[in-house]
Amino acid sequence: MACSLLQRIASTPMEGTLESTRGEWAEGYRRLQAAASDRVQYERMLAEVALVLEQLRRRVGQTFTLGELASAYGDSDRWVQAALQEAEPAPGWPARTTTVQDAAFHLYSRGAVDYKP
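Residues numbered from 1 in each chain as written. Predicted model: local features only at pLDDT ≥ 70, side-chain atom pairs only at ≥ 80, totals over all residues. Heavy atoms only, no water.

### Details of the overall build of the protein
The criterion, for reference: Numbered from the N terminus, helices here are DSSP runs of H or I no shorter than four residues, and strands are runs of E no shorter than two. For each residue, the accessible area found with a 1.4 Å probe, counting protein chains only, is set against the maximum for its type, and the residue is called buried under 20%, exposed over 50%, and partly exposed in between. Only heavy atoms enter the contact rule, under which two residues are in contact if any of them lie within 4.5 Å. Note on areas: these come from Shrake-Rupley sampling with a 1.4 Å probe, and a residue is covered only by the protein chains present in the view.
The helix and strand inventory of the protein stands at five helices and zero strands. Moving toward the C terminus, one meets the helices and strands of the protein in the order α-α-α-α-α. Counting all 117 residues of the protein, 38% fall into the buried class. For the protein, the proportion of contacts with a sequence separation of at least 24, taken over those separated by at least 6, is 79%. Carbon together with sulfur atoms contributes 54% to the accessible area of the protein, which is approximately 7000 Å² in total.

See below:
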C-alpha cells in the first residue's frame, strides 16, 4: 500500500506537467485554426506543420505514449527551427514557429497509445 501511495505521489507532478504541455499544444492548434482566415498564411503554416509531423514520425515513431512525446517536446525548439530552416520556408517563418510546433505536437498526440481527449 505504501508503494502504491508513493507511486501516485511521484506520478502526480509528471501528470500535471503533461497536462500543461498538452494545453500548450492545444493552444498552438487553436492559433493555427484561427489563421485560416488568411489563406496564404494558413497554407504556409500547414506546410510547416507537415514538416514537423514528418520529423516527429522519425524521432518518436509510430507507437508512442504521451510521456514519450512530451520528452521529445523538451528539446524540440532546436530541431524544429533547424528543420524549418532547411526547408527554406516562406518569409516570416520565425514568428510562426511556436504555433506550428505546438499544433504539430497536438495533432501527433492523437496517435499516442494512451491518448485521451
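From this point, the narrative continues.
### Topic: unusual backbone geometry
Residues other than glycine seldom take positive phi values, yet Glu-88 does so here, at roughly 50°. Mapped onto the secondary structure, Glu-88 falls in the loop between helix H4 (76–86) and helix H5 (93–109). Under the relative-accessibility criterion, Glu-88 is labelled exposed at 67%.

### Side note on the packing of aromatic side chains
Heads up, the rule is: Any two rings among Phe, Tyr and Trp, with Trp reduced to its six-membered ring, count as a pair given centres within 6.5 Å; such a pair is stacked if its planes are under 30 degrees apart, edge-to-face if over 60, and tilted if neither. Each ring is checked for a lysine NZ or an arginine CZ that lies within 6 Å of its centre and within 35 degrees of its normal; such an atom marks a charge sitting over the ring.
Enumeration according to the criterion identifies five aromatic pairs in this entry. Each ring, one from Trp-25 and one from Tyr-73, has its centre 5.6 Å from the other, and the planes form 80°; the classification is edge-to-face. Separated by 48 residues along the polypeptide, Trp-25 in helix H1 (residues 2–34) and Tyr-73 in helix H3 (residues 66–74) bring together distant segments of the chain. Classification of Trp-25 by relative accessible area gives buried; the value is 0%. Tyr-73 sits in the buried class, given a relative accessible area of 15%. Aromatic rings pair up to connect Trp-25, Tyr-73, Trp-79 and Phe-105 into one cluster. Of note, Arg-110 hangs over the ring of Tyr-29, and the distance from its end group to the ring centre comes to 5.4 Å.

### Notes on the environment of Tyr-115
Assignment of secondary structure puts Tyr-115 in the segment after H5. Tyr-115 sits in the partly exposed class, given a relative accessible area of 27%. As a C-alpha pair, Tyr-115 and Phe-64 span 51 residues in sequence and 9.7 Å in three-dimensional space. Among residues more than four places away in sequence, those in contact with Tyr-115 are Arg-22, Leu-66, Ser-109 and Arg-110.

### A word on H3
Under the convention used in this document: As used here, the arc is the angular range of directions from the helix axis to the C-beta atoms.
Where H3 is concerned, the buried positions are Leu-66, Leu-69, Ala-70, Ala-72 and Tyr-73. Around the axis of H3, the buried residues are gathered within 155° of arc, so they sit on the same side. Turned more than 90 degrees from where H3 packs its buried face, Ser-71 and Gly-74 sit exposed.

### Comments concerning the side chain of Thr-97
Our working rule: N or O atoms within 3.5 Å of each other form a polar contact, as long as, within protein, one can give a hydrogen and the other can take it, and as long as residues adjacent in sequence are counted only when both atoms are side-chain atoms.
Locating Thr-97 in the fold gives a position in helix H5. Taking relative accessible area as the criterion, Thr-97 reaches 4% and is therefore assigned buried. Of note is the side chain of Thr-97, whose polar atom sits 3.1 Å from the backbone oxygen of Trp-93. Here the side chain of Thr-97 touches Pro-94 through a polar contact of 3.3 Å, landing on its backbone oxygen. Ignoring sequence-local partners within four residues, the contact set of Thr-97 consists of Val-80, Gln-81 and Leu-84.

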